Amino acid sequence: MRVLIKNGTIVNADGRARQDLLIENGLISQLAEEITVEQPCEVIDASGCYVMPGGVDVHTHFNIDTGLARSCDDFFTGTRAAACGGTTTIVDHMGFGPAGCRLRHQLETYLGYAAYKAVIDYSFHGVIQHINHAILDEIPLMVDAGISSFKLYLTYQYKLSDDDVFQVMRHLHSAGALTTVHPENDAAIARKRAEFLAQGKTAPRYHALSRPLECEAEAIARMINLAQLAGNAPLYIVHLSNGLGLEYLKLARSRHQPVWVETCPQYLLLDDRCYEREDALKYLLSPPLRNASNNDSLWCGVSDGSIDVIATDHCAFSMAQRQHLSNGDFSRCPNGLPGVENRLLLLFSHGVMTGRITPEHFVALTSANPAKLFGLWPHKGVLAAGADGDVVIIDPRRTTTIRHEMLHDNADYSPWEGFICQGSIRQTLSRGRVIFSNGTFCGVAGQGRFLRRSPFSSAPIPMSGIPI
């Protein structure tokens, strides 16, 4: 199978050029100013468009059971939505398993969830919910199985103590794995939440007030110091929502500590005024939305290269689920937002088209950097000979208004309803197959492959500044 993409502007993290691109047998075989193919070939005319590596979203939660509820997107509907938004690879954060389970348990469970359903290629982050000798001894075996990053939670049901975190960071570092952390101070949150509930303050805005930015920033600073004590272990902070936490991360980088940070579109484009809306339940997530000043701080971090990755933290619960389970009490509402379909277009419109970032920096944030950090490079994240034929074609001349009725997830609303974006996702190709074209999904359930990721290496990844 051959696909020739002609007349577009090829964009990688290190530059752009007006070139044609040829994909053969699922792999990119050639880039040149002019490619002519005599044998039968599907030709895509990308005149006036950017031709970019397919997006790599390294923070999704498909089919997750939080204890309160199971998310409404499984690995078919979730990856279908991702594909229609230009994302061709996801790395999903596996949910907690039964108490005392081994690390392999959740990997086997999630391999079952995704098999025969995923539309695009996928992998998983390990999840560590308790520490003992057996768990620590299992880490190298998981890395050998292609799981080269693990998530630690400082809040929720299986939160880890500082001693647990310190031990596991050392073992992950030794095994060639990257530690990713959900950083919030659980004790402070629990105290504030209990005080609000005792006063009968159960409206959605008290969710945000019970999880102030200082709870997140404190935990970030603590993780930075523990990582240093654990032999300068590499650290990745997920879903950063505030400027104070970013300042702590910048300080760590100034000391040449290997730390990287992710944020999400919701923390750039939505703010805490959403909690005053009649439909405020739609916007409950953790960490919560902050004020507009923090939006601005994060945009500065995106622009100057302090933020390395834009992911989504897609975790969709329907409004019906939220209303039924919460029954007027924010503490009983499942947390998370849908958005895997909207990431690329939102950042392209509000980043590239506004001049905040270049097209090259856009590719770094959405594809190249996550591929490098999470053991997928150079098969993913770049348009080059030998790489997978994962491509998104973006037309900057079109305008797109986001309407949930046009999206492909399984939620019953979108937090981005009515957002007007300059640009449109024209086509998505996964390993040379067109899986989305001009508004129509044309992928196949089960087409996605499980990706065994390489052990973590910081060698190709800049620790500060705009990646080039």
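Residues numbered from 1 in each chain as written. Predicted model: local features only at pLDDT ≥ 70, side-chain atom pairs only at ≥ 80, totals over all residues. Heavy atoms only, no water.

A. Seen up close, the overall build of the protein. Per the secondary structure count, the protein includes 13 helices and 17 strands. The C-alpha atoms of the protein give 21 Å as radius of gyration, which agrees with the globular expectation for 468 residues (23 Å, within 12%). C-alpha extents for the protein along the principal axes are approximately 70 × 50 × 40 Å. Taking all 468 residues of the protein together, the buried fraction comes to 62%. The contacts in the protein between residues at least 6 apart in sequence include a share of 76% that link residues at least 24 apart. (Helix = DSSP H or I, 4+ residues; strand = E, 2+ residues; numbered from the N terminus. Rg over C-alpha atoms; globule rule 2.2 N^0.38 Å. Buried < 20%, exposed > 50% of the residue type's maximum accessible area, 1.4 Å probe, protein only. Contact = heavy atoms within 4.5 Å.)

B. Molecular detail of the sheet that holds strand β6 (residues 55-60). The parallel open sheet is built from eight strands, whose spatial order is β6-β7-β8-β9-β10-β11-β12-β13. Two strands close off the open sheet at either side, each with one partner strand: β6 and β13 (309-310). Across four bridges, the pairing between β6 and strand β7 (residues 87-93) is parallel. Bridge assignment links G55 to a residue of β7, and that residue is T87. Of the strands in this sheet, β11 (235-237) and β12 (259-263) are in contact with helix α8 (residues 243-254), which crosses β12 at around 155°. Most of the contacts of helix α12 (residues 343-352) go to β6, to which it runs at about 115°, and overall it touches β6, β7 and β13. (Pairing = 2+ DSSP bridges. Axes fitted to C-alpha atoms, helices over the stretch in contact; angles between N-to-C directions.)

C. How the structure looks around helix α1 (residues 77-84). The buried fraction of α1 is high, at eight of eight residues. Among the residues of α1, T77, G78, T79, R80, A81, A82, A83 and C84 are the ones counted as buried. Check the buried side of α1 and you find it contacts β7, β15 (420-430), β16 (433-437) and β17 (440-441). G86 sits one or two residues past α1 and shows a positive phi near 90°.

D. Summary view of the packing of aromatic side chains. For the structure shown, the criterion picks out 18 aromatic pairs. Their ring planes at 70° and their centres at 5.6 Å tell us that W260 and F456 sit as a pair that is edge-to-face. Of this pair, W260 sits in strand β12 while F456 sits in the segment after β17, and the two are 196 residues apart along the sequence. The residues W260 and F456 share a single accessibility class, namely buried. Note on F348 and F362: the rings are 5.8 Å apart at their centroids and 85° apart in plane angle, and the pair reads as edge-to-face. Taken together, the residues span a long stretch of sequence, with F348 in helix α12 and F362 in helix α13 (residues 359-373) at a distance of 14 residues. (Phe/Tyr/Trp six-rings, centres within 6.5 Å; stacked < 30°, edge-to-face > 60°.)

E. Spatial organisation of the pairing of β12. Most of β12 sits out of view: five of its five residues are buried. Residues V259, V261 and T263 point to one face of β12 and W260 and E262 to the other, with burial holding for every one of them. Bridge count for β11 against β12 is three bridges, and the pairing is parallel. Its bridge partner being in β12, Y236 is matched across the sheet by W260. You can see the chain leave β11, run along α8 and come back into β12, and the turn it takes is right-handed. As judged from the two bridges shared by β12 and β13, these two strands associate in the parallel manner. Note on β13: the bridge partner recorded for T263 is I310. (Right-handed = clockwise from strand over helix to strand, strands pointing away.)

F. Here's a closer look at the UniProt feature "modified residue: N6-carboxylysine" (unreviewed entry) in the protein. In the numbering used here, UniProt assigns the feature "modified residue: N6-carboxylysine" (unreviewed entry) to K151. Relative to the helices and strands, K151 resides in strand β9 (residues 149-153). With relative accessibility at 2%, the residue K151 sits in the buried group. (UniProt positions renumbered as here; feature names shortened; annotations may be inferred.)

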